[in-house]
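Residue-level structural notes
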Amino acid sequence: MAMAWGQGELFPIANEAEIQRTKFLLGKYKEMTLLMQDFEKFEEDLKQVAIDGEAARRIDQEDLHADKTANATILIEKQRWVYQRYQFYTQQLKRAFGLIQDAEAKKAVDYRYMQGYSYKETLLFFRHGLSDSTIRRKISEGTESMANSLKLMGFFEQDNAEF
């Protein structure tokens with residue numbers, strides 16, 4: 001007898017809400033990766049703003065500069081929190097994407113979500129090899145596969161616990 005966890009499911013199936021959450025996050029995947037790259041690139045600049053603000057406050061001793069320093073610190077912390085959430089989401093999505101077994105579904109999800117092409121661009125890209133309805137089905141199958149993998153990984157419980 002195999003041991004299961006959670007709701008007693010060894011191979012859990014994502015419910016409609018979990019599939020929709022997966023689609024939503026996949027729709028934001030490209031944007032999240034771009035914003036993460038931006039944060040990494042400019043984090044040093046943001047830190048410098050805080051340092052400059054602190055140096056100016058020491059020279060001038062005005063509350064205005066202290067507020068600027070505090071605001072810069074709050075901004076960095078807020079952006080760092082968003083960055084960490086995006087990092088969690090994108091890592092889990094990449095893991096689930098890697099587990100899609102159907103090659104066509106994987107290719108369709110990759111083009112549509114991971115590379116961030118529009119639905120129309122995706123249809124045009126695959127038009128020579130597959131019909132629109134097949135492409136639609138493959139995107140749906142790949143998304144469902146990812147949602148099932150995310151459920152198995154405990155993603156949705158972690159996602160809900162954070163908010």
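Here, every reference points to the structure presented above.
Attention in this report is confined to the structure presented alongside it. All figures in this text were calculated on a predicted structure; none of them were measured in a lab. (Residues numbered from 1 in each chain as written. Predicted model: local features only at pLDDT ≥ 70, side-chain atom pairs only at ≥ 80, totals over all residues. Heavy atoms only, no water.)

1. Brief notes about the side chain of Ser149
- Position of Ser149 among the secondary structure elements: in helix H5 (residues 132-152).
- Ignoring any residue separated from it by four or fewer positions in sequence, one finds Ser149 in contact with Ala96 and Leu99. (Helix = DSSP H or I, 4+ residues; strand = E, 2+ residues; numbered from the N terminus. Contact = heavy atoms within 4.5 Å.)

2. Description of the environment of Val109
- Relative to the assigned elements, Val109 resides in helix H3 (residues 103-114).
- Along the backbone, Val109 and Leu26 are 83 residues apart, and their C-alpha atoms lie at a distance of 8.8 Å.
- If we skip the residues at most four places from it in the chain, Val109 touches Phe97, Ile100, Met114, Ile139, Gly142, Thr143 and Met146.

3. Section: the packing of aromatic side chains
- Here the structure, examined in full by the defined rule, presents nine aromatic pairs.
- When the ring of Tyr111 is compared with that of Tyr117, the centres are 4.1 Å apart and the planes differ by 10 degrees; the resulting orientation is stacked.
- Judged by relative accessible area, which is 13%, Tyr111 ranks as buried.
- Tyr117 sits in the partly exposed class, given a relative accessible area of 30%.
- Its end group placed over the ring of Tyr89, Arg85 keeps NZ or CZ at 5.0 Å from the ring centre.
- The ring of Phe97 carries Lys106 above its face, with NZ or CZ at 5.5 Å from the centroid. (Phe/Tyr/Trp six-rings, centres within 6.5 Å; stacked < 30°, edge-to-face > 60°. Buried < 20%, exposed > 50% of the residue type's maximum accessible area, 1.4 Å probe, protein only. Lys NZ or Arg CZ within 6 Å of the ring centre and 35° of its normal.)

4. Notes on the pattern of salt bridges
- Under the counting rule described, the total for this entry stands at ten salt bridges.
- Asp102 serves as the salt-bridge partner of Lys138, at 2.8 Å between the closest nitrogen and oxygen. In this pair, Lys138 is assigned in helix H5 and Asp102 in the loop between helix H2 (63-98) and H3, connecting sequence segments 36 residues apart.
- Given a relative accessible area of 8%, Lys138 falls into the buried group.
- A relative accessible area of 29% places Asp102 in the partly exposed class. (Salt bridge = Lys/Arg side-chain N within 4 Å of Asp/Glu carboxyl O.)

5. Here we look at the nonpolar core
- Counting residues in hydrophobic clusters, the biggest one holds 25 residues, and the most contacted among them are Leu93, Met146, Leu150 and Phe155.
- Those elements giving two or more residues to this core turn out to be helix H1 (16-60), H2, H3, helix H4 (119-126), H5 and helix H6 (155-162).
- The dominant element in this core, judged by the number of residues it contributes, is H3, at six residues. (Core = buried A, V, L, I, M, F, W, Y, C linked by side-chain atoms within 4.5 Å.)

6. Looking at the packing of H4 against H5
- Remark: H4 packs on H5, axes separated minimally by 10 Å, with the N-to-C direction vectors making an angle of 120 degrees. It follows from the interaxial angle that H4 and H5 lie oblique. Like other packed secondary-structure pairs, H4 and H5 cross with a definite hand, here right-handed. The segment H4 lies against H5, with Tyr119, Thr122, Leu123 and Phe126 engaging Asp132, Ile135, Arg136 and Ile139.
- Residue composition of the contact of H4 with H5, by class: five nonpolar, one polar and two charged. (Axes fitted to C-alpha atoms, helices over the stretch in contact; angles between N-to-C directions. Parallel < 35°, antiparallel > 145°, perpendicular 65-115°, else oblique. Left-handed = near helix turned anticlockwise from the far one by under 90°. Nonpolar A, V, L, I, M, F, W, Y, C, P; charged D, E, K, R; others polar.)

7. Here we look at the side chain of Glu18
- Following the sequence through the fold, Glu18 ends up in helix H1.
- When residues no more than four places from it in sequence are discounted, the contact partners of Glu18 are Ile13, Ala147, Lys151 and Phe156.

So far we have only geometry, and geometry alone does not tell us how the molecule works.
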